[in-house]
Amino acid sequence: MQENKLTEAQSLELITSMINDSRTRLARNSGTPFLIWGYTIVAMYVASVIAIFITKGVPAGVLLHGIFPLCAPIIALIIMKFRKKDDKAIQSNSPAIKSLWLIVGIACCLIMLVSANHFIITLLISIGAIATGLIMKQKEFKVCGIIGMVMSVMIPFIQFYVQPRLITLSEYTVPADRGFISISDFGIFITLRYTIVILIVGTTLIIPGHMLNKKCNN
């Protein structure tokens, strides 16, 4: 009888452990979708910056470096599709979060296709991060989203204050030797914008994604 009681207790403990382990596994992966999207977008913008330097920042190279950001959603979706089902932490997220980022993603893609307005794109991503923090009750997303919103103001500042100065100071679209590289002022302007986008995406998606995974692992 003692053996049977012990076995029942062990069985209950095993079941409880399995349930907790399942919940923990999903929780550990809850930051993974944000990391996938964040790293993919950053990688594509880094590729764009490299393309700018290869083409020396001439406007003719816009099509070359402008195509990489458009590839980011496609690559991220492919990566998400080939993830194992239990690794898709987005499955554990609420429908509100899925709908939120679906709307943000579609809006960003449309803006990128029509006008490439990086200020609005980064602002939408930052707002999405804040809303995610409110839904999931995760402080790191809210803080990083607010920082991203503040950083996004740097894009119109560069466009309306730095760019006009570059145009008046020299040949804007003509490459010039700058130390060990040759690049135009137009290339410098685009590089600055892309660098800010990289920093904002890293702040609003990658950093809170890692923090969320670390919190759940602990």
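These numbers come from a predicted model, not from an experiment. (Residues numbered from 1 in each chain as written. Predicted model: local features only at pLDDT ≥ 70, side-chain atom pairs only at ≥ 80, totals over all residues. Heavy atoms only, no water.)

Caption draft 1: Main features of the overall build of the protein. Helix and strand content of the protein: 8 helices and 2 strands. The proportion of buried residues among the 218 residues of the protein is 41%. In the protein, 72% of the contacts between residues at least 6 apart in sequence involve partners at least 24 apart. (Helix = DSSP H or I, 4+ residues; strand = E, 2+ residues; numbered from the N terminus. Buried < 20%, exposed > 50% of the residue type's maximum accessible area, 1.4 Å probe, protein only. Contact = heavy atoms within 4.5 Å.)

Caption draft 2: Representation of the packing of aromatic side chains. Under the defined criterion, the tally for this structure stands at 3 aromatic pairs. With a centroid separation of 4.8 Å and 55° between ring planes, the pair formed by Phe 34 and Phe 141 is classed as tilted. One end of the pair, Phe 34, is in helix H2 (residues 32–54); the other, Phe 141, is in helix H6 (residues 139–152), and 107 residues separate them in sequence. Residue Phe 141 is classed as buried on the basis of its relative accessible area of 0%. When the ring of Tyr 45 is compared with that of Tyr 194, the centres are 5.1 Å apart and the planes differ by 80°; the resulting orientation is edge-to-face. Here Tyr 194 lies in helix H8 (residues 185–217) and Tyr 45 lies in helix H2, a separation of 149 residues in the sequence. With respect to class, Tyr 45 is no different from Tyr 194; both count as buried. (Phe/Tyr/Trp six-rings, centres within 6.5 Å; stacked < 30°, edge-to-face > 60°.)

Caption draft 3: Local environment of a nonpolar patch on the surface. There is a patch of nonpolar side chains on the surface, built from Val 46, Ile 50 and Ile 54 and spanning about 280 Å² of accessible area. Checked against the element boundaries, Val 46 lands in helix H2. Looking at Val 46, the relative accessible area reads 37%, which means it is partly exposed. (Patch = residues over 30% accessible without salt bridge, like charges linked within 9 Å, V, L, I, M, F, W, Y side chains within 5 Å. Areas by Shrake-Rupley, 256 points an atom, 1.4 Å probe, with all protein chains shown as cover. Salt bridge = Lys/Arg side-chain N within 4 Å of Asp/Glu carboxyl O.)

Caption draft 4: Quick peek at the nonpolar core. Formed by 38 residues in total, the largest nonpolar core has its most connected members in Tyr 45, Trp 101, Ile 125, Val 201 and Leu 205. Looking at this core, the element that brings in the most residues is H8, giving 12 residues. Those residues in contact with Val 201 that lie beyond four places of it in its chain are Gly 38, Ile 41, Val 42, Ile 125 and Ile 206. (Core = buried A, V, L, I, M, F, W, Y, C linked by side-chain atoms within 4.5 Å.)

Caption draft 5: Region of the structure containing the side chain of Gln 138. Tracing the backbone shows Gln 138 in the loop between helix H5 (118–136) and H6. When sequence neighbours within four positions are dropped, the list of residues in contact with Gln 138 reads Gly 133, Leu 212 and Lys 215.

Caption draft 6: The arrangement of the packing of H5 against H6 in detail. Two elements in contact, H5 and H6, have axes whose closest approach is 7 Å; the angle formed by their N-to-C orientations is 165°. The pairing of H5 with H6 is recorded here as roughly antiparallel in orientation. Regarding H5 and H6, the two cross each other, and that crossing is left-handed. On H6, the residues that touch Phe 119, Thr 122, Leu 123, Ser 126, Ile 127, Ala 129, Ile 130, Thr 132, Gly 133 and Leu 134 of H5 are Phe 141, Lys 142, Gly 145, Ile 146, Gly 148, Met 149 and Ser 152. Considering only residue class, the contact of H5 with H6 consists of 9 nonpolar, 7 polar and 1 charged. (Axes fitted to C-alpha atoms, helices over the stretch in contact; angles between N-to-C directions. Parallel < 35°, antiparallel > 145°, perpendicular 65-115°, else oblique. Left-handed = near helix turned anticlockwise from the far one by under 90°. Nonpolar A, V, L, I, M, F, W, Y, C, P; charged D, E, K, R; others polar.)

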